[in-house]
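Structural characterization, general
The residues making up each chain are set out below.
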Amino acid sequence: MDFTVAYLQYAGSGPMRHEEQLLTEGLGKLGIPIRHYSIKRIHRRQLPLGPETFVAGDMPAMHGAMRQLGVPIPLPDDYPEVLGRFLGRKVWTSTLGQVERMMESSSAAPVFVKPADRRKSFTGTVCYSEHDFGAWGGASRYQRVRCSEVVAWVSEFRVYVIGGQVVATDHYAGDDSAELDMNVVHAAVDIYHRSGTAPSAYAVDFGVLTNGDTALVEVNDGYALGAYRITADHYTELVMARWRELLATVNHDPE
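This report concerns the structure included in the present document. (Residues numbered from 1 in each chain as written. Predicted model: local features only at pLDDT ≥ 70, side-chain atom pairs only at ≥ 80, totals over all residues. Heavy atoms only, no water.)

The next subject is the pairing of strand S11 (residues 214–221). For S11, the buried fraction is high: seven of the eight residues fall into the buried class. The turn linking strand S10 (residues 201–209) back onto S11 is made up of four residues, and Gly 212 within it adopts a positive phi angle of 95°. (Buried < 20%, exposed > 50% of the residue type's maximum accessible area, 1.4 Å probe, protein only. Helix = DSSP H or I, 4+ residues; strand = E, 2+ residues; numbered from the N terminus. Pairing = 2+ DSSP bridges.)

Another aspect to go through is the side chain of Arg 89. Note that Arg 89 resides in the loop between helix H3 (59–69) and strand S4 (91–95). With no salt bridge to any partner, buried Arg 89 finds its closest opposite charge in Glu 218, at an N-O distance of 6.9 Å. Separated by 2.9 Å, the side chain of Arg 89 and the backbone oxygen of Val 217 make a polar contact. Not counting residues up to four positions away in its chain, the partners in contact with Arg 89 are Tyr 79, Ser 148, Glu 149, Val 151, Trp 153, Leu 216 and Val 217. (Lys, Arg positive; Asp, Glu negative; His and termini not counted. Salt bridge = Lys/Arg side-chain N within 4 Å of Asp/Glu carboxyl O. Polar contact = N/O pair within 3.5 Å; in protein donor to acceptor, adjacent residues only side chain to side chain. Contact = heavy atoms within 4.5 Å.)

Let us look at unusual backbone geometry. Positive phi outside glycine occurs at Arg 45, with the angle close to 55°. Locating Arg 45 in the fold gives a position in the loop between helix H2 (39–43) and strand S3 (53–56).

Here it is, written out as structure tokens:
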């Protein structure tokens, strides 16, 4: 599928996000014309989107584009079941209400909590006691969340994957001298790819724990992916590959 035009999210003033800067460079090399749009235009369905249009932006913008095109919005899968052995910690699904009741006990251990479905309802945070419940804002206590034991990360890296192949690795937090065990990384990527549940393009974050083990932090879908020092060419290829895959889920033929 060849794209004839690319729509990049940009309000028209102030600095452009790093991700859109990378895409501007990458798309320019491919000779694909670029148009800018604001989130308001997505909400109002003012963009002429179709099977030959590439769209990039933050998650709310991408979800708006998917709704317009009839693309099913992928469910978050931060901790794929097939990669459970690589987590290095206990991870489970709960609700905010259940976490709240658990943390009322003075003997409760700290827990990292993040939305399971509604990504923007609150930011993932470590909960040490009831004093941290304010971070959830007005989120419903029935809301599903993903919880994990709190571990100490020495260093964290983003690994970019296209078609089951690692194309780039970025250090983004902690001690950059703590090296990943790439044998673990490649084993996880291979298992995920062979499971048939992996997107065509995504990033998987790995970290080094205090005991030296390499463990999975989380998986991030490729359609609204944050970038660090990955090259413009690789980043453009990754996001375009995932968008092509999503567009292929829709029948664009006229009835």
